[in-house]
Amino acid sequence: IIGYVTEYYTSHSYAPVREISETQKQSAATGIIYGLALGYLSCIVPVLCLGITILIAHSLCGMFGVALGALGMLGTMTMALTIDAYGPISDNAGGIAEMAGLPETVRGLTDCLDAAGNTTAAIGKGFAIGSAALVSLALFGAYTVRARVHHVDILNPWVFTGLLFGAMMP
């Protein structure tokens, strides 16, 4: 779900990116404000997914479940980081085509590839940030067990989910 939401908000094939480009026609300030608003909006679904994952994993297996959820997301990171390498390669191809003086049709093709590379890079970052949130909770839980800290509210899955939701609010 995180990948689909990220693609929706970063790909030129969908409305949000096109709407930002339309606002740029008026002035740069409207584009910045609209882009910031869409950035805030794009966080809602991934944070909800992470919160639900934390609540379900913790209710089923405790902190071990949260750690397993983090490992599940980290397991896909090899593929996501491999795809992430696509962006700079296509960007370099566009620069080489421009410096070589190739026709505009070639540059148009490389621009499409560059846009796809930017979208794949954004999807990889979404997975990395989501898994980092789960890993941070699992590591904090392991620390409190090892340090014999008995009362920490942040280990309550409702409190941590509320923390994520609070961080999401502008």
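Up top is the structure these notes are about.
Here is what the cut-offs are and how they apply
Think of each chain on its own: its residues are numbered from 1, step by step along the sequence as written. Residues qualify for local features only when their pLDDT is at least 70, as the model is predicted, and side-chain atom pairs are given and counted only at 80 or more; totals for whole chains, interfaces and linings, by contrast, use all residues. As a rule here, side-chain values cover all heavy atoms of the structure and leave hydrogens and water aside. Criterion for a salt bridge: a side-chain nitrogen of Lys or Arg within 4 Å of a carboxyl oxygen of Asp or Glu. Under the scheme applied here, a residue whose accessible area is under 20% of the maximum for its type counts as buried, over 50% as exposed, and between as partly exposed, the area being computed with a 1.4 Å probe on protein chains only. Among buried residues, those of type Ala, Val, Leu, Ile, Met, Phe, Trp, Tyr and Cys that are joined through side-chain atoms within 4.5 Å constitute a nonpolar core. Per the convention used, a helix needs a DSSP run of H or I reaching at least four residues, while a strand needs a run of E reaching at least two, with both numbered from the N terminus. Note on definitions: a residue-residue contact is assigned when non-hydrogen atoms from the two residues lie within 4.5 Å. Helix axes are fitted only over the stretch in contact, all axes being lines through C-alpha atoms; the angle between N-to-C directions runs from 0 to 180 degrees. Angle categories are assigned with fixed cut-offs, so that under 35 degrees is roughly parallel, over 145 is roughly antiparallel, 65 to 115 is roughly perpendicular, and the rest are oblique. For this classification, the nonpolar set comprises Ala, Val, Leu, Ile, Met, Phe, Trp, Tyr, Cys and Pro, the charged set comprises Asp, Glu, Lys and Arg, and every other residue, Gly included, is treated as polar.

### As for the pattern of salt bridges
Thinking step 1. Enumeration according to the criterion identifies three salt bridges in this entry.
Thinking step 2. Two residues, glutamate 98 and arginine 107, come together in a salt bridge whose shortest N-O distance is 3.6 Å.
Thinking step 3. Under the relative-accessibility criterion, arginine 107 is labelled partly exposed at 23%.

### Some details on the nonpolar core
Thinking step 1. Counting 15 residues, the largest nonpolar core has Leu50, Ile54, Leu134, Leu137 and Leu164 as the members making the most contacts within it.
Thinking step 2. Contributions of two or more residues to this core are made by helix 4 (44-61), helix 5 (63-75), helix 8 (104-146) and helix 9 (157-168).
Thinking step 3. Per element, the largest residue contribution to this core is four residues, and it comes from helix 4.
Thinking step 4. If sequence neighbours within four positions are ignored, leucine 164 has contacts with Val47, Leu50 and Ile54.

### Describing the packing of helix 4 against helix 9
Thinking step 1. Where helix 4 contacts helix 9, the two axes come as close as 9 Å, and the packing angle between them is 175°. One way to sum up the angle between helix 4 and helix 9 is to call them roughly antiparallel. On the side of helix 4, the interface is formed by Ile44, Val47, Leu48, Leu50, Gly51, Ile54, Leu55 and His58, while helix 9 contributes Pro157, Trp158, Phe160, Thr161, Leu164, Phe165 and Met168.
Thinking step 2. Split into classes, the residues belonging to the contact of helix 4 with helix 9 amount to 12 nonpolar, three polar and no charged.

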